[in-house]
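# Understanding the architecture of this molecule
Here is what each chain is made of, one letter per residue.
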Amino acid sequence: MLLGAIADDMTGATDLALMLAKSGMKTVQVIGPEAVDAVQPDAEAVVVAMKSRTIAPDDAVAMSLQALAGLQAGGAVQILFKYCSTFDSTDRGNIGPVADALLDALAAPIAVACPAFPAAGRTIYQGHLFVGDRLLSESGMRNHPLTPMTDADLVRVLDRQSRYEVGLVDHATVAAGVQAVRDRLRGLAEAGKRLAIVDAVSNDDLELIGGALGDAALITGGSGIAMGLARNFREQGRLGPATPPAMPDVPGPAIILSGSCSEATNQQVGRYRAAGHPAFHLDPIALARDGQHLSDCIDWVLEHSARAPGGMPCLVHATDSPDQVDAAQRLLGRDQAGELVEQAMAGIATTLAARGFRRFVVAGGETSGAVVQALNVRALRIGPEIAPGVPWTETADQGVPRALALKSGNFGGPEFFSDAMAMLG
Ligand code: ADP
């Protein structure tokens, strides 16, 4: 293992893992810090997916240090702490407290903090984070229910969270090149700073900053900061030539489970149905009545899949229009409706897995979490990209491997389900 990454949420972990896989590193994503030991020895980059963004700071620190210990035991020579490109956090943390704890544990003199992701419109200039052409504090992030971002000055934001002083590597320094960035980081460390926001407005900036971090024990940032890291390992002679991520080689029946009600998913479900592919509408209100609806659904999937083996897979979707979701939520309660659907999807996945289904496409972040947990998945080898941010993956820890495509709600084009299946061949 060369790079060990600690990601503060599941879809962010996948985003980073895909970035590393595309840069030619054999990458595995593990679910939770206790799963690091499920990694095969040939993995070059390991991303630990956690759910630590909004938990209590002490818990986030403990979980991150557990992940660090596992990654170090696996031989990681560089640690990356990955958080959201909009720096999602509160004044209590968890970016600052986790970064502090990792700095201490690694005895690192200083670490960069660079959430920039220019491809998605997240840029940093003079330490200020922009979302498109707006300051972070004027973007939709100011109204986020859990982590409202009302200050765009990241030096100030991180300073409030960290026990240590925070400096800035400004864009003029980045523009002056790799050596200038290294010199500035050394200067900041000598002046007592232990964290440094780094300006970046383009992928070229991120590549260059990455190039200056070959010797850094700890790096923190969004997935963009990982862009230049594989090249460092290659230049150091530690990593061979880039190998393209391999497709999962998993024969067997497939199922598509959609518990996302986002706009993109609604369109994808609509297209799949309109093309005449088999689809079952899972209704939370019927689920709440008794177990009949769920067993009808499973019987329907088994019957259709047996009748047309080799055809397009069945789609089971709770995906519905905002009006219908609203109606279910008013009747059942928001959390209860969500929980019913997630539990049903988890139950369908385990029943079908026991019946020999090996390929799973899942739409929805929370829904994916429920299915991954139900299938007891601990480690995923990252395969090729289906759509930006969504790879095919293969379980890396199970006797019988399974292929999984986990899509967060708004990802993927209108034909995502057919695109994913076409890649499997
Ligand atoms: P996304 O990635 O689009 O946010 P998630 O799976 O994370 O998707 O979240 C969607 C939530 O909505 C889940 O908790 C799911 O169980 C719930 N849900 C799905 N369908 C319905 C529905 N018809 N009515 C109410 N809640 C639903």
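Residues numbered from 1 in each chain as written. Predicted model: local features only at pLDDT ≥ 70, side-chain atom pairs only at ≥ 80, totals over all residues. Heavy atoms only, no water.

This part covers the overall build of the protein. For the protein, the helix and strand inventory stands at 15 helices and 18 strands. Taken over C-alpha atoms, the radius of gyration comes to 22 Å for the protein, in line with the 22 Å a tight globule of 425 residues would show. The principal-axis extents of the C-alpha atoms in the protein amount to approximately 70 × 45 × 35 Å. The 425 residues of the protein split such that 56% are buried. For the protein, the proportion of contacts with a sequence separation of at least 24, taken over those separated by at least 6, is 72%. Taken as a whole, the protein presents about 17100 Å² of accessible surface, with 51% of it coming from carbon and sulfur. Mean positive and mean negative side-chain charge positions of the protein (33 and 47 charges, respectively) differ by 2 Å. (Helix = DSSP H or I, 4+ residues; strand = E, 2+ residues; numbered from the N terminus. Rg over C-alpha atoms; globule rule 2.2 N^0.38 Å. Buried < 20%, exposed > 50% of the residue type's maximum accessible area, 1.4 Å probe, protein only. Contact = heavy atoms within 4.5 Å. Areas by Shrake-Rupley, 256 points an atom, 1.4 Å probe, with all protein chains shown as cover. Lys, Arg positive; Asp, Glu negative; His and termini not counted. Charge placed at Lys NZ, Arg CZ, Asp CG, Glu CD.)

Turning to the domain arrangement of the protein, a few remarks are in order. For the protein, the assigned domains are domain 1 (3-235) and domain 2 (254-424). For domain 1 and domain 2, the distance between their C-alpha centres works out to 31 Å. Taken together, the contact pairs 18 residues of domain 1 with 17 residues of domain 2. Buried surface at the junction of domain 1 and domain 2, both sides included, amounts to about 1400 Å², of which 64% is carbon and sulfur. For the domain 1 face of the interface with domain 2, the top three residues by lost area are Leu18, Ile31 and Ala38, together amounting to 31%. (Domains from an automatic or database assignment. Buried area = accessible area lost by both parts, 1.4 Å probe.)

The next subject is the site of the ligand. As a structural note, the neighbourhood of the ligand is formed by 19 residues, with Ser260, Glu342, Glu366, Thr367 and Gly409 the closest of them. Within the side chain of threonine 367, one N or O atom sits 2.6 Å away from an oxygen atom of the ligand. Protein contacts shield 82% of the accessible area of the ligand, which totals 570 Å² for the unbound molecule. Only helix H12 (322-332), helix H13 (334-354) and helix H14 (365-374) provide two or more residues apiece to the shell around the ligand. Among the elements that make up the shell around the ligand, the one with the highest residue count is H13 (4 residues). Split into classes, the residues belonging to the shell around the ligand amount to 7 nonpolar, 9 polar and 3 charged. (Near = heavy atom within 4 Å. Polar contact = N/O pair within 3.5 Å; in protein donor to acceptor, adjacent residues only side chain to side chain. Nonpolar A, V, L, I, M, F, W, Y, C, P; charged D, E, K, R; others polar.)

On to the pattern of salt bridges. Per the counting criterion, the structure on display carries 23 salt bridges. Among the salt bridges present, the one from arginine 134 reaches glutamate 138, with a minimum N-O distance of 3.8 Å. Here arginine 134 falls in the partly exposed class, since its relative accessible area comes to 43%. On the basis of relative accessibility, which here comes to 43%, the residue glutamate 138 falls in the partly exposed class. Where salt bridges share partners, they join Asp91, Asp151, Asp153, Arg156 and Arg160 into one cluster. (Salt bridge = Lys/Arg side-chain N within 4 Å of Asp/Glu carboxyl O.)

Taken as a whole, this structure holds 5 aromatic pairs when the rule is applied. Considering the side-chain rings of tyrosine 272 and phenylalanine 417, the 5.9 Å spacing of their centres and the 90 degrees angle between planes classify their relative orientation as edge-to-face. Within this pair, whereas tyrosine 272 is found in helix H9 (residues 263-274), its partner phenylalanine 417 is found in helix H15 (residues 416-424), the two being separated by 145 residues in sequence. Taking relative accessible area as the criterion, phenylalanine 417 reaches 2% and is therefore assigned buried. Among the aromatic side chains, those forming a connected cluster through ring pairs are Phe81, Tyr83 and Phe87. (Phe/Tyr/Trp six-rings, centres within 6.5 Å; stacked < 30°, edge-to-face > 60°.)

Before going further, it helps to examine H9. Given a rise of 1.5 Å per residue, 12 residues ought to cover 16 Å, and the 16 Å separating the end C-alpha atoms of H9 matches this to within 8%. In the core, the buried residues of H9 are packed alongside strand S12 (254-258), strand S14 (314-317), strand S15 (359-363), strand S18 (403-407) and H15. Just past H9, the residue glycine 276 takes up positive phi, approximately 85 degrees. (Expected span 1.5 Å × (residues − 1).)

With that settled, the discussion passes to the sheet that holds strand S8 (residues 134-135). Pairing is antiparallel across the open sheet formed by 3 strands, whose spatial order is S6-S7-S8. This sheet does not close on itself; its edge strands, each paired only once, are strand S6 (122-125) and S8. Note: S6 against strand S7 (residues 128-131), 4 bridges, orientation antiparallel. From the neighbouring strand, tyrosine 125 faces S7, where its bridge partner is histidine 128. (Pairing = 2+ DSSP bridges.)

Attention now moves to the pairing of strand S17 (residues 390-395). Remember that side chains alternate between the two faces of the sheet whenever the strand is regular. Of all 6 residues that make up S17, 6 are buried, and the element is covered over most of its length. Burial along S17 is two-sided: Val390, Trp392 and Glu394 and Pro391, Thr393 and Thr395, pointing in opposite directions, are all buried. Here strand S16 (residues 379-387) pairs with S17 via 5 bridges, running antiparallel. Note on S17: the bridge partner recorded for isoleucine 382 is threonine 393.

We now examine the nonpolar core. Nonpolar side chains in soluble globular proteins generally cluster together in the buried interior. Grouped together as the largest cluster of nonpolar side chains are 123 residues, with contacts concentrated most on Leu282 and Val316. When residues of this core are assigned to their parent elements, the largest contribution, 8 residues, is made by helix H1 (residues 10-22). Setting aside residues no more than four positions away along its own chain, leucine 282 makes contact with Leu287, His293, Cys297, Val316, His317, Ala318, Ala344, Met345 and Ile348. (Core = buried A, V, L, I, M, F, W, Y, C linked by side-chain atoms within 4.5 Å.)

Bringing unusual backbone geometry into the picture now. For the bond from glycine 93 to asparagine 94, the omega torsion is 15 degrees, close enough to zero to count as cis. In this structure, asparagine 94 sits in the loop between strand S4 (78-82) and helix H3 (95-106). One non-glycine residue with positive phi stands out, namely phenylalanine 87, at about 55 degrees. With respect to the helices, strands and loops of the structure, phenylalanine 87 is situated in the loop between S4 and H3. Positive phi values are uncommon outside glycine, yet alanine 107 reaches one of about 50 degrees. Along the chain, alanine 107 turns up in the loop between H3 and strand S5 (111-114).

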